[in-house]
Amino acid sequence: MQAIIIGGGIGGLTAALALHAAGIESTVFESAAEVRPLGVGINLQPHAVRELTELGLGEALAATGVATQEFRYANRFGQTIWTEPRGLAAGYRWPQYSIHRGRLQVLLWQAAEARLGAGRMQAGKRLVGFTQDASGVTARFADGSTAQGDVLVAADGIHSAVRSGFFPDEGAPKWNGALLWRATSLAPPFLTGASMVQAGHRDTKFVCYPIGTAPDGRSIVNWIAEQRFPSGTSWSREDWNRPGRIADFLPIFADWNFGWLDVPALIRGAEAVYEFPMVDRDPLPWWTRGRVTLLGDAAHPMYPIGSNGASQAILDARWLALQLATQPGVEAALTAYEAARRPATAAVVEANRGDGPDRVMDIVHARAPDGFAELEAVVPRAELETTVMAYKRLAGFDPETLNHRVSWSVPAAA
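Below you will find a few notes about this structure. This structure is a prediction, so every number in the text was calculated from the model and none was measured.

Here we look at unusual backbone geometry
Although it is not a glycine, L191 sits at a positive phi angle of roughly 50°. Here L191 is to be found in the loop between β13 (174-187) and β14 (195-200). You can call L191 partly exposed: its relative accessible area is 35%. For D355, which is not a glycine, the phi torsion comes out positive at approximately 80°. Within the fold, D355 resides in the loop between α8 (330-353) and α9 (359-367).

Dropping the structure here:
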């Protein structure tokens, strides 16, 4: 079997590695002329780290990312709402990593190039169309070249050419009125030195976590400042990497110095700030036509709530590879893939629209907007725990289920 993978991002590269491990050849076609370590930080939850570890990337991840030890929700005054251990400290068999998105992509690209061969990793290849019949799929690229395979996996992101061909009337991604300003800054370590913090509430939020350590011992801190604007506000929704201006949002967070975390100092210490609208797309009624299917953001772009976008793409890739290796034919495999992953990811998209686990901050803000003397008088711990655990179960990374579910690696031949 030969697979055509459109897109050399996290999902497409994981698919290539997973297919290779399953004994299926593939070729990755990336539209960018070269793969460079662009972007800011992301989190890989233990369910995604499990899949990458089973692909032999555990040591590389440990050397590249920061193993998250703690997660903390706080209000805008820095008062703790919820704190819990993460990764190995929480009883998982696999860590959680905070990692630079671009460095992760390069790590995956280099691993795929080493395992598949350089000729299987083709940059500067923008898909312009495809045809398929009972014998296979032919992809056409802007440079006039073509590629033939038995299956085409579209991992080409939120602006997927394949998805737009499937659903030509869908239109632009949906903006929820919130803007994100994202950057990295050098700062003294805070809390455990490997903590992830979310402070504020639905309309005004600050998120930060370390993704590395500088030679002088300071943390390389990834941060996101988020502000929601009134309904009807217009914004340039399609300019995904536009440089942002600190003056546009620093005043919102000017007094967010908690003692244990100095938010204004982090913002002022950024070398470069980028502005992103918070967008997603509606869940689709189907992902697959014949021998062609969607994966990752092409299938289910979601708000960056709950740290699940990249993780869900990795799960897609592993489950797809298992089905292609074990089902009787391509169409049966894609049917099984979609039957499991489309409902699961649609549930995460909808949960994230409702703020997912971040709802604990909204609950406290609604009941105690000026802060609290005693948290238990505002909200019982059991209510917070129910909210947080429900999301973990829905997204597939509650410890009990993840630690004991069967591996998605292809079983070895007897």
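That shown, we press on.
Quick notes on the nonpolar core
In this structure, L44, L108, L152 and L294 are the most contacted members of the largest nonpolar core, which totals 77 residues. For this core, the element with the most residues is helix α7 (residues 309-326), which contributes nine residues. In this structure, A74, A183, A187 and F190 belong to the second largest nonpolar core, which totals 27 residues.

Section: the packing of helix α1 (residues 10-21) against helix α4 (residues 101-116)
It is the contact of α1 with α4, at a shortest axis distance of 9 Å, that shows an interaxial angle of 30°. If you check the angle between α1 and α4, you find them roughly parallel. The way α1 lies across α4 gives a crossing that is left-handed. Contacts between α1 and α4 pair I10, L13, T14, A16, L17 and H20 from the former with R101, L104, Q105, L108, W109, A111, A112, R115 and L116 from the latter.

Some details on the packing of aromatic side chains
In the structure shown here, the tally under the stated rule is 14 aromatic pairs. Summarising the aromatic geometry, the rings of F130 and F166 are spaced 6.4 Å apart at their centres and angled 90° between planes, so their arrangement reads as edge-to-face. Here the residue F130 occupies a position in strand β9 (residues 127-133), and F166 occupies one in helix α5 (residues 161-166), the gap between them amounting to 36 residues. Residue classification places F166 among the buried positions, given a relative accessible area of 14%. The lysine or arginine in question, R289, covers the ring of W286, its NZ or CZ lying 3.5 Å from the ring centre. We note R405 situated over the ring of W408; from NZ or CZ to the ring centre the distance is 4.0 Å.

Quick notes on the sheet that holds strand β2 (residues 25-30)
With parallel pairing, five strands are arranged side by side in an open sheet as β8-β2-β1-β12-β19. Unpaired on one side and paired on the other, β8 (121-123) and β19 (292-294) mark the two borders of the sheet. Within this sheet the neighbouring strands show an average axis-to-axis angle of 20°, counted without direction. Of the strands in this sheet, β1 (2-6), β2 and β8 are in contact with α1, which crosses β1 at around 165°.

Conventions used here
- Residues numbered from 1 in each chain as written.
- Predicted model: local features only at pLDDT ≥ 70, side-chain atom pairs only at ≥ 80, totals over all residues.
- Heavy atoms only, no water.
- Helix = DSSP H or I, 4+ residues; strand = E, 2+ residues; numbered from the N terminus.
- Buried < 20%, exposed > 50% of the residue type's maximum accessible area, 1.4 Å probe, protein only.
- Core = buried A, V, L, I, M, F, W, Y, C linked by side-chain atoms within 4.5 Å.
- Axes fitted to C-alpha atoms, helices over the stretch in contact; angles between N-to-C directions.
- Parallel < 35°, antiparallel > 145°, perpendicular 65-115°, else oblique.
- Left-handed = near helix turned anticlockwise from the far one by under 90°.
- Contact = heavy atoms within 4.5 Å.
- Phe/Tyr/Trp six-rings, centres within 6.5 Å; stacked < 30°, edge-to-face > 60°.
- Lys NZ or Arg CZ within 6 Å of the ring centre and 35° of its normal.
- Pairing = 2+ DSSP bridges.

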